[in-house]
Amino acid sequence: MKLILLGAPGAGKGTVAKMLTAIDGSVQISTGDILRGAVQAGTDLGKEAQGYMDRGDLVPDSLIMGIMEKRLQEPDCANGFLLDGFPRTIPQAEELKGLMAKLGIKLDMVVAIDVPRDVIFDRLCTRRTCENPKCQAIYNIKSMPSKKEGICDKCGSPIVQRADETEVAIGHRLDTYNEKTAPLAGFYEKEGMLRTITGTSSDVVVNAIKKELGL
Ligand code: ADP
Ligand code: ZN
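Note that the coordinates shown come from a computational prediction; the quantities given were computed from them, not determined experimentally. (Residues numbered from 1 in each chain as written. Chains lettered and ligands numbered in written order. Predicted model: local features only at pLDDT ≥ 70, side-chain atom pairs only at ≥ 80, totals over all residues. Heavy atoms only, no water.)

Caption draft 1: Quick peek at the overall build of the chain. For the chain, the count of helices and strands is nine helices and eight strands. By the compact-globule yardstick of 17 Å for 215 residues, the chain fits well, its C-alpha radius of gyration being 17 Å. Along the first, second and third principal axes, the C-alpha set of the chain runs to 45 × 40 × 35 Å. Counting the 215 residues in the chain, one finds 46% classified as buried. Looking at the chain alone, contacts between residues at least 24 apart form 71% of all its contacts between residues at least 6 apart. For the chain, the distance from the average position of its 28 positive side-chain charges to the average position of its 29 negative side-chain charges is 3 Å. (Helix = DSSP H or I, 4+ residues; strand = E, 2+ residues; numbered from the N terminus. Rg over C-alpha atoms; globule rule 2.2 N^0.38 Å. Buried < 20%, exposed > 50% of the residue type's maximum accessible area, 1.4 Å probe, protein only. Contact = heavy atoms within 4.5 Å. Lys, Arg positive; Asp, Glu negative; His and termini not counted. Charge placed at Lys NZ, Arg CZ, Asp CG, Glu CD.)

Caption draft 2: Fine view of the site of ligand 1. Neighbouring ligand 1 are 18 residues; Thr31, Arg36, Asp57, Arg127 and Arg173 lie closest to it. Contacts to ligand 1 include valine 59, whose backbone N or O atom sits 3.1 Å from a nitrogen atom. A distance of 2.9 Å is found between a nitrogen atom of ligand 1 and a backbone nitrogen or oxygen belonging to glycine 85. Coverage of ligand 1 by the protein amounts to 96% of the 540 Å² it exposes when considered alone. Among the residues making up the shell around ligand 1, the classes are represented as seven nonpolar, four polar and seven charged. (Near = heavy atom within 4 Å. Polar contact = N/O pair within 3.5 Å; in protein donor to acceptor, adjacent residues only side chain to side chain. Areas by Shrake-Rupley, 256 points an atom, 1.4 Å probe, with all protein chains shown as cover. Nonpolar A, V, L, I, M, F, W, Y, C, P; charged D, E, K, R; others polar.)

Caption draft 3: Local environment of the coordination of the zinc ion (ligand 2). Within the first shell, the zinc ion (ligand 2) binds the protein through Cys130 (SG), Cys135 (SG), Cys152 (SG) and Cys155 (SG), at distances of 2.3 to 2.4 Å. Note that the zinc ion (ligand 2) binds four donor atoms; their angles at the metal cover 97 to 114°, and the shape is tetrahedral. Sequence spacing of the donor residues for the zinc ion (ligand 2), all on one chain, is C-x4-C-x16-C-x2-C. Of the residues examined, cysteine 135 reaches a relative accessible area of 21% and is grouped as partly exposed. (Donors = N, O, S within 2.8 Å, 3.2 Å for Na, K, Ca; no water. Tetrahedral: all angles 85-135°; square planar, octahedral: opposite > 155°, others 65-115°.)

Caption draft 4: Highlighting the nonpolar core. Residues Phe81, Leu83 and Tyr188 are the most contacted members of the largest nonpolar core, which totals 31 residues. Elements represented by at least two residues in this core include exactly β1 (2-6), β2 (27-30), α3 (44-55), α4 (61-71), β3 (81-84), α5 (90-103), β4 (109-114) and α8 (184-190). Of all the elements, α4 adds the most residues to this core, at five residues. In this structure, tyrosine 188 is in contact with Ile4, Leu6, Pro87, Ala93, Leu96, Val110, Met193 and Leu194, ignoring residues within four places of it in sequence. Core analysis: the second largest hydrophobic core is formed by 23 residues, Leu82, Ile113, Leu174 and Tyr177 among them. (Core = buried A, V, L, I, M, F, W, Y, C linked by side-chain atoms within 4.5 Å.)

Caption draft 5: Representation of helix α1 (residues 13-24). Given a rise of 1.5 Å per residue, twelve residues ought to cover 16 Å, and the 17 Å separating the end C-alpha atoms of α1 matches this to within 8%. Turning to α1, its buried residues number three or more, namely Lys13, Gly14, Val16, Ala17 and Leu20. When α1 is viewed along its axis, its buried side chains cluster within an angular range of 155° and face the same direction. Contact partners of the buried residues in α1: β1, β2, β3, β4 and α9 (202-213). A positive phi of about 75° marks glycine 25, the residue just after α1. (Expected span 1.5 Å × (residues − 1). Arc of directions from axis to C-beta.)

Okay, structure coming up:
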């Protein structure tokens, strides 16, 4: 499957993407994971992105488009992909449209995951992430704690609160989302690609997507 997952930070895009990869081997492409990996590794890309990310601002479109142009041409994308956290602005969506036309890629649909803001805020404040850049497993101190406090079940690395998951940065990320990313729903509606799914349970969202795709 070739999907774009839209939704506010904390709407569950990453969880849904991971569940979908298990269905048909499509790969999850999370620009947030790619950028955090680059920050940890101290690459030029990471150095450029870090300030924006820590403040909860978007990194410049040109940087993201460079990453995605390469990523979409890697062989593992041929089986399908789930775009998680990209596109995030109208210019990114427009450039992606051109890029896909150039590469001969056809999307199945764009899924907007709709979750109430108070649920989102609460989820983000209690979210914790494995600091190992190769793992980045997600936990929640309330609803999905690790077996051993502060230690990742999957790889044994420390689990931390992301720098952009303080209350101030979260508020800023949600405002940025409303201003820059929410308009993408209208963009894809016009393209006839949009399906909106309301639900706070990732299982419900995954089942709705499977049904839409006839799986
Ligand atoms: P979330 O969806 O939980 O906010 P992500 O992991 O998707 O977080 O992204 C973390 C940060 O990485 C964003 O706040 C932003 O700074 C940067 N980022 C990720 N994807 C993009 C993108 N497509 N365009 C611009 N910035 C991005
Ligand atoms: Zn881990």
